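Next come the chains, spelled out residue by residue.
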Amino acid sequence: MLFISNFVLEILNLFVMKRALLVFVIATLVLVSTGLWLSMSSGFLNSFDVVTLGIVLCLVGFAVYIGYRRFQGARRGEPAEDELSKQLLRRTSSLSYYISLYLWVAILFIKDRVSLDVEELLGMGILGMAVVFAVCWIILNIRGIRNE
Amino acid sequence: MNNRIREHRARLRLTQDELARKVNVRRETIVFLEQNRYNPSLRLAYDLAKVFGMAIEELFIFEEDRE
């Protein structure tokens, strides 16, 4: 009986760890695809590429930090998520979605005024959404969510 | 809403980690609660009050809206 309960606990622990490791897997995939993009480019990076690369590296750093926190929590035996983390995620998602709508309106506005390809504008929008999400998460983590 | 979680946690000589385990939340949630940066659900408030052996209204201090 004890063996079975230990086995179930091990499986549950693996599941929690897996959720933490998922962030590292995604961060690695982003880094690999960025590496591929760099290797396929002509070798010379313009200022737009450098800014994009900087943002991608910042976002990967942010994801690794989140993954590390989750991993440490899982090792201490904490639940993968609780009511605070769920509320933080929900508030961050709704706030960043709301702000992202304005971001896309701004991108549509500047579309005809800058000499960027559609792919670059789309990439800018997607990266912008990720940045907005990260900034919202940081702000809500600092400010807290008192008045719910 | 203010609370006296830190005070009662110190009384029971519990660490934030230990209290978090007792009420099945992450340590971060206890940190947020102690800094008054988060209002807990009724369930969590009840669990915390139960750990400290007191009523919810003794642990959480509701303030009148001053608008």
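Here the residue numbering is sequential within each chain, running from 1 through the sequence in written order. Whichever chain is written first is A, and whichever ligand is written first is 1; the rest continue in order. Local features in this predicted model are restricted to residues whose pLDDT is 70 or higher, and side-chain atom pairs enter the listing and the counts only when it is 80 or higher, whereas totals over whole chains, interfaces and linings include all residues. No hydrogens and no water enter the side-chain calculation; it runs on all heavy atoms of the structure.

A. Spatial organisation of the overall build of chain B. Strands are runs of DSSP state E lasting at least 2 residues, helices are runs of H or I lasting at least 4, and numbering of each runs from the N terminus. Assigned secondary structure in chain B consists of five helices and two strands. Radius of gyration: over C-alpha atoms. The globule rule applied is 2.2 Å multiplied by the number of residues raised to the 0.38 power. Taken against the 2.2 N^0.38 rule, which gives 11 Å for 67 residues, the C-alpha radius of gyration of chain B at 11 Å falls within 12% of a compact globule. Burial status across chain B gives 48% buried among its 67 residues. Only heavy atoms enter the contact rule, under which two residues are in contact if any of them lie within 4.5 Å. Long-range contacts, defined here as pairs at least 24 residues apart, represent 56% of the contacts in chain B between residues at least 6 apart. Only the protein chains shown count as cover for residues, with accessible areas throughout obtained via the Shrake-Rupley method and a probe of 1.4 Å. A total of about 4200 Å² of accessible surface is found on chain B, and carbon and sulfur atoms cover 45% of it. Relative accessible area decides the class of each residue, using a 1.4 Å probe on protein chains only: under 20% of the type maximum gives buried, over 50% gives exposed, and in between gives partly exposed.

B. Fine view of the pattern of salt bridges. By definition here, a salt bridge exists when the distance from a side-chain nitrogen of Lys or Arg to a carboxyl oxygen of Asp or Glu is within 4 Å. Per the stated rule, a full pass over the model turns up seven salt bridges over all chains. Among the salt bridges present, the one from Arg6(B) reaches Glu34(B), with a minimum N-O distance of 3.9 Å. In this pair, Arg6(B) is assigned in helix α1 (residues 5-11) and Glu34(B) in helix α3 (residues 27-34), connecting sequence segments 28 residues apart. Accessibility expressed as a relative area gives 46% for Arg6(B), which makes it partly exposed. Connected through salt bridges with shared partners, the residues Arg69(A), Arg26(B) and Glu28(B) form a single ionic network.

C. Just the layout of surface pockets, in detail. Residues and elements named next belong to chain A. Buried and open spaces are told apart on a 1 Å grid over the protein atoms alone, a cavity being a set of points where a 1.4 Å probe fits but cannot get out and a pocket being an open set with protein on both sides within 12 Å along at least five of seven lines. Residues with an atom within 4 Å of a point are the lining residues. Grid points are joined across faces, edges and corners, and a volume is the space filled by probe spheres set on the points. As a volume, the largest pocket reaches approximately 980 Å³. If you go around the largest pocket, you meet 35 residues; those closest to its centre are Val23, Phe62, Ala63, Ile66 and Phe133. Taken together, the elements giving at least two residues each to the lining of the largest pocket come down to α1 (2-40), α2 (47-75), α3 (83-110) and α4 (118-143). Here the bounds of each domain stem from an automatic or database domain assignment. No fewer than three residues from each of domain 1 (1-80) and domain 2 (81-148) sit in the lining of the largest pocket. In this model, the second largest pocket occupies a volume close to 250 Å³. Residue lining of the second largest pocket: Trp37, Phe48, Asp49, Thr52, Glu119, Glu120, Gly123, Met124, Ile126, Leu127 and Ala130, and that is the complete set. Mapped by element, the contributors of at least two residues to the lining of the second largest pocket are α2 and α4. A per-element tally of the lining of the second largest pocket places α4 first, with seven residues. By residue class, the composition of the lining of the second largest pocket is six nonpolar, two polar and three charged. Each residue gets one label: Ala, Val, Leu, Ile, Met, Phe, Trp, Tyr, Cys and Pro are nonpolar, Asp, Glu, Lys and Arg are charged, and the others, such as Gly, are polar.

D. Looking closely at α3(B). Residues and elements named next belong to chain B. Counting buried positions along α3 gives six out of eight residues, so the element sits mostly inside the fold. Looking at α3, one finds that the buried residues are Glu28, Thr29, Ile30, Phe32, Leu33 and Glu34. At the C-terminal side of α3, Asn36 shows a positive phi close to 55°.

Any link to function would need more than the numbers given here.
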